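Spelled out, the chains give:
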Amino acid sequence: MLTGRRNLSRTLSLLTSRRLLISKSSNFNTALFSSASSIVPSCRPSPTRSLSFLTSRRTSALPRSSVNSPPSCRFSLPARRTDPMALRDVLQVLEQLAPLSLAESWDNVGLLVEPSKSRPIKTIMLTNDLTDAVMEEAEALRCDLIVSYHPPLFRPIKRLVQKDWKQRLAIRAVEAGMAVFSPHTSWDSMKEGVNDWLVAGLGSGQVSVLSQAYSAASHSHKLEFMVKTAEELNAVMEELKACEGGATLQYSDRRADGSGFHVSLTCSDSALTPIVQTLLRHSAPSQSLCILKLEKPPLPGHGQGRLSVLDHPVTVATAVEKMKSHLGLVNLRLALGAGRTLESSVCTAAVCAGSGASVLSGVKADLFITGEMSHHEVLDAVAAGTSVILSDHSNSERGFLAVFRERLAVRLPDAVQVLLSKADRDPLQVV
């Protein structure tokens, strides 16, 4: 009888422990999904995909015993989306990964070709350049969207004719119902973009931006002025709101000691002139008006070019071999800096993908890495004691496509296929 009571007591204790375990597991699941939903923006077209990616990464880091735990300790995820996406939704994801505001002012980025008839995006092809060979590949694979790193349409066009090869490609894209998008310098500038990928080929280091990117703030001017009464304040602000572009202004006011109200207002470039003209028509604001130019805040980690102070310095010869491996090339071009040899130490390296001379000019480093530089630009670097590695233009960029493909794929439904062009290659080769 005593034994039976003990067994009964153990059974009740075991059942209680299991209930507690299930309860804790359920609370853990709730907390995880709450945390994940705060990380993944609600504007993403496929939060289910993002949650799946986040969870799979955490699961892969768990011990094997945790992965094979009883069903009561596991948490389930909603089914992944399997439907295609609209073009606007894909463009939104592309912009989230690399905001077009990061691109240089001279560049031509974003959606360059938009079909007249919308169709779901099922197949996306990534390429460094849109050429005839790449277009034939895209047509054969029935691609819906081509993401071409370099913009195939760059200068203004007055006509669309067959004799110009870039215009011919645009016509073919329209006829095939394919959209064409170009990110170009937005990929160069973004944190963990093309230039961060390029400099990583030499190994770890303390990386800084050579040409800092700044926020694309809409308000660029601050105006401060005084008004004597609340009635005058209301009248002035009503006139300002009616100004051309006045909808972009923001203002605050506070009562000054015995002298009326002090007003602080910010506005865009386009709204500045009509706002000033309005204020000058009022006595108190015109006498107290002060205009300040606002500096745009820097975006840490974003900008053109990178400088790396290597954690582990290498020789010039080793740097060459590392970059060959990183870029997947058999040959590179090397110019040794004055007084340097293949065994000279490389402690600092400056990189700029593509044609980087303008960004690298004046930078003090043991080594420059870029796609191309002119003869005289190389001579200038060599005279300063800096060695130069050239890979040819697109070879310094193309390898990033595979990195971006993975980032894009995890944010899209399973029904959307992201491909790398097999026909895309640098036009130059060593013979």
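What you see is a predicted model; the values in this text were computed from it and never measured.

Enquirer: Honestly, the overall build of the protein chain in this entry has me stumped. Any pointers?
Expert: Along the protein chain, the regular secondary structure elements total 15 helices and 15 strands. By the burial criterion, 44% of the 431 residues in the protein chain qualify as buried. Entry remark: accessible area of the protein chain is about 23800 Å², with carbon and sulfur atoms responsible for 53%.

Enquirer: I'm lost on the nonpolar core in this one. Help?
Expert: Burial of nonpolar side chains together is a common tendency in soluble globular proteins. Counting 48 residues, the largest nonpolar core has L94, I124, L145, W187 and F404 as its most contacted members. Here this core gets six residues from one element, more than from any other, and that element is helix 4 (residues 87-97). Those residues in contact with L94 that lie beyond four places of it in its chain are L145, V147, F181, F404 and L408. Core analysis: the second largest hydrophobic core is formed by 17 residues, C243, A271, L272 and I275 among them.

Enquirer: Help me understand the pattern of salt bridges, please; the structure alone is not making it clear to me.
Expert: Pairing is possible between side chains that carry opposite charge, provided their charged atoms lie close to one another. This model, assessed by the stated rule, comprises 13 salt bridges. For D132, the salt bridge identified is with R172, shortest N-O distance 3.5 Å. A residue pair is termed long-range when its members are at least 10 positions apart, and D132 in helix 5 (residues 132-140) and R172 in helix 6 (residues 165-176) qualify at 40 residues. One salt bridge in this structure joins K222 and E224, with 3.4 Å as the shortest N-O distance. If you follow the salt bridges from partner to partner, you end up with D132, E139, R168 and R172 in one network.

Enquirer: Any chance you could explain empty space enclosed by the protein here in plain terms?
Expert: The gaps of empty space that remain are located by a probe, the size of a water molecule, rolled over the atoms. Here the structure, examined in full by the defined rule, presents two cavities of 30 Å³ or more. One number sums up the size of the largest cavity: a volume of about 40 Å³. In terms of lining residues, the largest cavity is bounded by V113, L130, P152, L153, K166, L169, A170, A173 and V180. With four residues, helix 6 is the single largest residue contributor to the lining of the largest cavity. Here the lining of the largest cavity is built from residues that sort into eight nonpolar, no polar and one charged.

Enquirer: Where do I start with the sheet that holds strand 13 (residues 367-372) in this structure?
Expert: Think of a sheet as strands paired side by side through backbone hydrogen bonds, with each pair either parallel or antiparallel. Reading across from one edge, 5-10-12-13-14-11 is the order of the six strands in this open sheet, with mixed pairing throughout. Edge positions in the sheet fall to strand 5 (205-214) and strand 11 (333-335), since each of these pairs with one other strand and no more. Direction aside, neighbouring strands of the sheet carry axes that sit 25° apart on average. Across three bridges, strand 11 lies against strand 14 (residues 387-390) in antiparallel orientation. For A335, the partnering residue across the bridge sits in strand 14 and is V388. Sheet strands in contact with helix 12 (residues 316-327) are strand 10 (298-315), strand 11, strand 12 (345-355), strand 13 and strand 14, and its direction is about 125° off that of strand 10.

Enquirer: Before we go on, may I ask you to explain the environment of P297 in this structure?
Expert: When you line up the elements, P297 lands in the loop between strand 9 (290-293) and strand 10. C-alpha separation for the pair P297 and A213, spaced 84 residues apart in sequence, amounts to 8.9 Å. Among residues more than four places away in sequence, those in contact with P297 are Y214 and S215.

Enquirer: Hey, could you run me through the side chain of N195 in this one?
Expert: In this structure, N195 sits in helix 8 (residues 194-199). If near-sequence neighbours (up to four positions away) are discounted, N195 is found in contact with D188, Q304, G305, R306, V351, C352 and A353.

Enquirer: What am I meant to see in unusual backbone geometry here?
Expert: A negative phi angle is the norm for most residues apart from glycine, just as the trans form is the norm for most peptide bonds. Of note in this structure, R142 is not a glycine but carries a positive phi near 55°. Along the chain, R142 falls in the loop between helix 5 and strand 3 (145-148). Positive phi values are uncommon outside glycine, yet D392 reaches one of about 80°.

Enquirer: Even after reading the chapter, I still don't get helix 15 (residues 400-409), so can you show me in this structure?
Expert: Spacing of three or four residues puts side chains on the same side of an α-helix, whose turn is 3.6 residues. By the burial criterion, the buried members of helix 15 are F400, L401, F404, L408 and A409. Projected onto a plane normal to the axis of helix 15, the buried residues spread over an arc of 160° and lie on a single side.

Enquirer: Would you mind showing me how to read the side chain of S182 here?
Expert: In this fold, S182 is placed in strand 4 (residues 179-182). Polar contacts involving the side chain of S182 include one to the main-chain carbonyl oxygen of Y149, which spans 3.0 Å. Excluding anything up to four places from it in sequence, S182 contacts L100, N108, V109, G110, L112, S148, Y149, H150 and P151.

Enquirer: Where do I start with the packing of helix 4 against helix 15 in this structure?
Expert: In a packed pair of helices, the relevant descriptors are the angle between the two axes and the axis-to-axis distance. Where helix 4 meets helix 15, the closest approach of the two axes is 11 Å, and the angle between their N-to-C directions is 125°. If you check the angle between helix 4 and helix 15, you find them oblique. Where helix 4 crosses over helix 15, the handedness of that crossing is right-handed. Residue-level contacts link V93, L94 and L97 of helix 4 to F404, R407 and L408 of helix 15. Here the contact of helix 4 with helix 15 is composed, by residue class, of five nonpolar, no polar and one charged.

Enquirer: Which parts of the structure should I look at to understand a nonpolar patch on the surface?
Expert: Taken together, the side chains of L334, L336 and L342 define a hydrophobic patch exposed on the protein surface, amounting to about 220 Å² of accessible area. In this fold, L336 is placed in the loop between strand 11 and strand 12.

What counts and what doesn't
- Residues numbered from 1 in each chain as written.
- Predicted model: local features only at pLDDT ≥ 70, side-chain atom pairs only at ≥ 80, totals over all residues.
- Heavy atoms only, no water.
- Helix = DSSP H or I, 4+ residues; strand = E, 2+ residues; numbered from the N terminus.
- Buried < 20%, exposed > 50% of the residue type's maximum accessible area, 1.4 Å probe, protein only.
- Areas by Shrake-Rupley, 256 points an atom, 1.4 Å probe, with all protein chains shown as cover.
- Core = buried A, V, L, I, M, F, W, Y, C linked by side-chain atoms within 4.5 Å.
- Contact = heavy atoms within 4.5 Å.
- Salt bridge = Lys/Arg side-chain N within 4 Å of Asp/Glu carboxyl O.
- 1 Å grid on protein atoms, 1.4 Å probe; cavity = no way out; pocket = protein on both sides within 12 Å on 5 of 7 lines; lining within 4 Å.
- Points joined across faces, edges and corners; volume = space filled by probe spheres on them.
- Nonpolar A, V, L, I, M, F, W, Y, C, P; charged D, E, K, R; others polar.
- Pairing = 2+ DSSP bridges.
- Axes fitted to C-alpha atoms, helices over the stretch in contact; angles between N-to-C directions.
- Arc of directions from axis to C-beta.
- Polar contact = N/O pair within 3.5 Å; in protein donor to acceptor, adjacent residues only side chain to side chain.
- Parallel < 35°, antiparallel > 145°, perpendicular 65-115°, else oblique.
- Left-handed = near helix turned anticlockwise from the far one by under 90°.
- Patch = residues over 30% accessible without salt bridge, like charges linked within 9 Å, V, L, I, M, F, W, Y side chains within 5 Å.

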